[in-house]
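# Close look at the chain arrangement
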Amino acid sequence: MFELNHIIDASAVDAEEMKLREVLAGAGYDVAKLTLTSLAQQAVAERAKAKVVDLSIPLIAAMHEGGADGSVQVRFVFKTDDAQSLAAMYLA
């Protein structure tokens, strides 16, 4: 098995959090009372996972974990070195 650790920086997570705040505020939620960082981290991680799947790169597993600095790390596991290399190229 071949692993690839993909880091999504905090600025991308912050941008996603702002989009979530706008959508929820537009739906009438009091966003001042909501903590959306973990949801934003999950959204950007899922987007990275979807990109790999959409490219038909064979994937065994993908997990994500939020960083203390607001970033998110997505850990992909691939069956082959070629799949890992393709994913690294497309996620760069």
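Check the entry above for the structure.
Bear in mind that the values here come from a model prediction, so they are computed numbers and not experimental data. (Residues numbered from 1 in each chain as written. Predicted model: local features only at pLDDT ≥ 70, side-chain atom pairs only at ≥ 80, totals over all residues. Heavy atoms only, no water.)

### With respect to the overall build of the protein chain
Helix and strand counts for the protein chain stand at three helices and three strands. Order of helices (α) and strands (β) in the protein chain, N terminus to C terminus: β-α-α-β-β-α. Overall, the protein chain is about 45 × 25 × 20 Å in size when its C-alpha atoms are taken along their principal axes. Scored against the burial criterion, the 92 residues of the protein chain give a buried share of 32%. (Helix = DSSP H or I, 4+ residues; strand = E, 2+ residues; numbered from the N terminus. Buried < 20%, exposed > 50% of the residue type's maximum accessible area, 1.4 Å probe, protein only.)

### Some words on the environment of Ala 15
Secondary-structure assignment places Ala 15 in helix α1 (residues 10-26). Owing to a relative accessible area of 40%, Ala 15 belongs among the partly exposed residues under this scheme. Sequence spacing of Ala 15 and Ala 83 is 68 residues, and the spatial spacing of their C-alpha atoms is 29 Å.

### Some remarks on the packing of α1 against helix α2 (residues 37-54)
Running from N to C, α1 and α2 cross one another at 110°; their axes reach a closest spacing of 8 Å. Between α1 and α2, the crossing angle belongs to the class labelled roughly perpendicular. Handedness of the α1/α2 crossing: right-handed. Together, Ala 12, Val 13, Glu 16, Glu 17 and Leu 20 of α1 and Thr 37, Leu 39, Ala 40, Gln 41, Ala 43, Val 44 and Arg 47 of α2 make up the contact between the two elements. In terms of residue class, the contact of α1 with α2 is made up of seven nonpolar, two polar and three charged. (Axes fitted to C-alpha atoms, helices over the stretch in contact; angles between N-to-C directions. Parallel < 35°, antiparallel > 145°, perpendicular 65-115°, else oblique. Left-handed = near helix turned anticlockwise from the far one by under 90°. Contact = heavy atoms within 4.5 Å. Nonpolar A, V, L, I, M, F, W, Y, C, P; charged D, E, K, R; others polar.)

### Topic: the side chain of Lys 49
On the secondary structure map, Lys 49 appears in helix α2. Engagement of the side chain of Lys 49 in a polar contact is seen with the side chain of His 64, the distance being 3.4 Å. Apart from residues no more than four positions distant in its own chain, Lys 49 is found in contact with Ala 62, Met 63, His 64, Val 74 and Phe 76. (Polar contact = N/O pair within 3.5 Å; in protein donor to acceptor, adjacent residues only side chain to side chain.)

### With respect to the sheet that holds strand β1 (residues 2-8)
The sheet built from three strands is open, its strands ordered β1-β3-β2 with antiparallel pairing. Looking at which strands have only one partner, the edges of the open sheet turn out to be β1 and β2 (61-66). The mean angle between the axes of side-by-side strands here comes to 20°, regardless of whether they run parallel or antiparallel. Looking at chain direction, β1 and strand β3 (residues 72-78) are connected through seven bridges and run antiparallel. (Pairing = 2+ DSSP bridges.)

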